Amino acid sequence: MNVVKIIADTPQEALEQIHAELGPEAVVLNVRQVSAEGMKKLWSGTRVEVMAAAPKPEPDAKATIKRLNAKIADLEQQILHPPRPKPKPESKPALKQQLPSKVAEMIQAAKQAAHQDTDADGILAAVKILEKLGLLPSHARWLSGQASNFLGFTKPRNLQDEFALVRETLSDYWHQLIRRHTKPGNPMRLLVGTPGTGKTTCICKWMTQALLRNGQEVCTWRLDGGAPNTAEFLSLHGELLQASVERTWDPGEEIPENALRFIDLPGVSASDREARRALLEQVKEFPQTEIYLVLNASYDLGLLLAHARFFSVLPLSGLILTHTDEETRWSKYWNLVLATQLPILYLSGGQEIPGDFRPALPEEMFDQFVESGREQMEETI
Ligand SMILES: Nc1nc2c(ncn2[C@@H]2O[C@H](COP(=O)(O)OP(=O)(O)OP(=O)(O)O)[C@@H](O)[C@H]2O)c(=O)[nH]1
Ligand SMILES: [Mg+2]
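Reading the values: the criteria
- Residues numbered from 1 in each chain as written.
- Chains lettered and ligands numbered in written order.
- Predicted model: local features only at pLDDT ≥ 70, side-chain atom pairs only at ≥ 80, totals over all residues.
- Heavy atoms only, no water.
- Core = buried A, V, L, I, M, F, W, Y, C linked by side-chain atoms within 4.5 Å.
- Buried < 20%, exposed > 50% of the residue type's maximum accessible area, 1.4 Å probe, protein only.
- Helix = DSSP H or I, 4+ residues; strand = E, 2+ residues; numbered from the N terminus.
- Contact = heavy atoms within 4.5 Å.
- Pairing = 2+ DSSP bridges.
- Axes fitted to C-alpha atoms, helices over the stretch in contact; angles between N-to-C directions.
- Parallel < 35°, antiparallel > 145°, perpendicular 65-115°, else oblique.
- Nonpolar A, V, L, I, M, F, W, Y, C, P; charged D, E, K, R; others polar.

Details of the nonpolar core
(1) Moving on: Grouped together as the largest cluster of nonpolar side chains are 64 residues, with contacts concentrated most on Leu130, Val166, Val192, Phe311, Ile344 and Met365.
(2) Moving on: The element that contributes the greatest number of residues to this core is helix α7 (residues 159-181), accounting for 8 residues.
(3) Moving on: Once you skip the residues sitting within four places of it in the chain, isoleucine 344 turns out to touch Trp174, Leu319, Leu321, Tyr333, Val337, Ala360 and Met365.
(4) Moving on: Formed by 38 residues, the second largest nonpolar core is a distinct cluster that contains Ala8, Ala52, Trp206 and Ile353.

Rendered as structure tokens:
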């Protein structure tokens, strides 16, 4: 792909240069503000750096036919000389197959110690291990009870089965939370949280992915709240992506039916009850809205729970965790979900746009949790 980097004084200038170099079909891959260099610093503040790529060339007909012919030849070869069927892998119960191999190793190592604990207080051995990895004791008790009731609970034969059961119990609970809190259709997506947690960055990442990867239309409103919304970079980003970023909300405005809709508001400090009251009033203005609480995952669990409590007066649909590039304690993520009874919907790591922004999957997060605690476990056994 032909990628160019342009640094210009204004977004308009950057766009003009991109079009001149790559043509009007060029796509913007990344945009960020940079400070001016050398003497320019004296009279110019920030500049804008844009990475853009030329669109993929239309496939040339001759090359396509050549590729097709090669494919047909390949198929003929496969039909004339079919590959021997591979021996079927040993069939295992579905739950077991989902466990990563390293988890199985860890379980094996932990088996002895954990089983001694099981009889003492009736908590499943697998859950005892999770507790050692950082799951809060109250959550461990709850989880052990839930897992014991899950699907009528046929007693697991071994620790590995038990882990698979706990994994499925947690994933099932997570999906229940999603069903309970999220709205069908195409709601407005409103991000709230304390100042600086990365709300606007998440919107920029999400917008960019939707537009560039999925070709989906995006409409964003950068609105003032109790304080002005100074996130100029959101408007700049919209301009570069040629996506609408409005500064005012007009309830009568027609929004394209399939467009992804975001509302960006300034952060509200978790000690400012007046600002929270104003926020509560403001969100009533918007039709069919999902409200996500954006939390900086590198904060201590206690602080995150305090923030979640503060914003719980809003009808929250879920959590978005940012700064995952700075936090690897996966027990914290699970403690958050179990304490707030809100699903984590997205994980965002780093300042780069589009960078790392992805849906949070409970199965993956369970495996990461166990995996990340493996060394810790080996020390404690
Ligand atoms: N390391 C790291 N930095 C991030 C991440 N997300 C955002 N940031 C940085 O954190 C700072 C604040 O990000 P914003 O997106 O403006 O935060 P915000 O929540 O919209 O802030 P307010 O609107 O003022 O409440 C910026 O410098 C971002 O580049 C992240 O996941 N990791
Ligand atoms: Mg912001």
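What follows picks up the thread again.
Observations regarding the sheet that holds strand β9 (residues 316-322)
(1) Moving on: Across the sheet, which stays open at both edges, the 8 strands sit in the order β6-β5-β7-β4-β8-β9-β10-β11 with mixed pairing between neighbours. Of all strands in the sheet, those bounded by a partner on one side alone are β6 (244-246) and β11 (356-359). The sheet shows a mean angle of 25° between the axes of neighbouring strands, taken without regard to direction.
(2) Moving on: As defined by bridge partners, β9 adjoins strand β10 (residues 344-349) across 3 bridges and the pair is classed as parallel. Each residue of the ladder has a partner; that of leucine 319, found in β10, is isoleucine 344.
(3) Moving on: Relative to the sheet, helix α8 (residues 199-213) contacts β4 (188-192), β5 (218-222), β6, β7 (260-264), β8 (289-296), β9, β10 and β11, its axis offset from that of β7 by approximately 165°.

Re the packing of helix α6 (residues 137-149) against α7
(1) Moving on: α7 packs onto α6 with a crossing angle of 100° between their chain directions and a minimal axis gap of 9 Å. With respect to α7, the axis of α6 lies roughly perpendicular. Where α6 abuts α7, its residues Trp142, Leu143, Gln146 and Ala147 lie against Leu165, Val166, Thr169, Leu170 and Tyr173.
(2) Moving on: Class assignment for the residues of the contact of α6 with α7 results in 7 nonpolar, 2 polar and no charged.

Concerning the environment of leucine 265
(1) Moving on: You can see leucine 265 is positioned in the loop between β7 and α10 (273-283).
(2) Moving on: With 35 residues separating them in the primary sequence, leucine 265 and threonine 230 have C-alpha atoms 9.5 Å apart.
(3) Moving on: Those residues in contact with leucine 265, other than ones at most four positions away along the chain, are Leu190, Leu191, Lys199, Leu223, Asp224, Asn229, Leu279 and Gln282.

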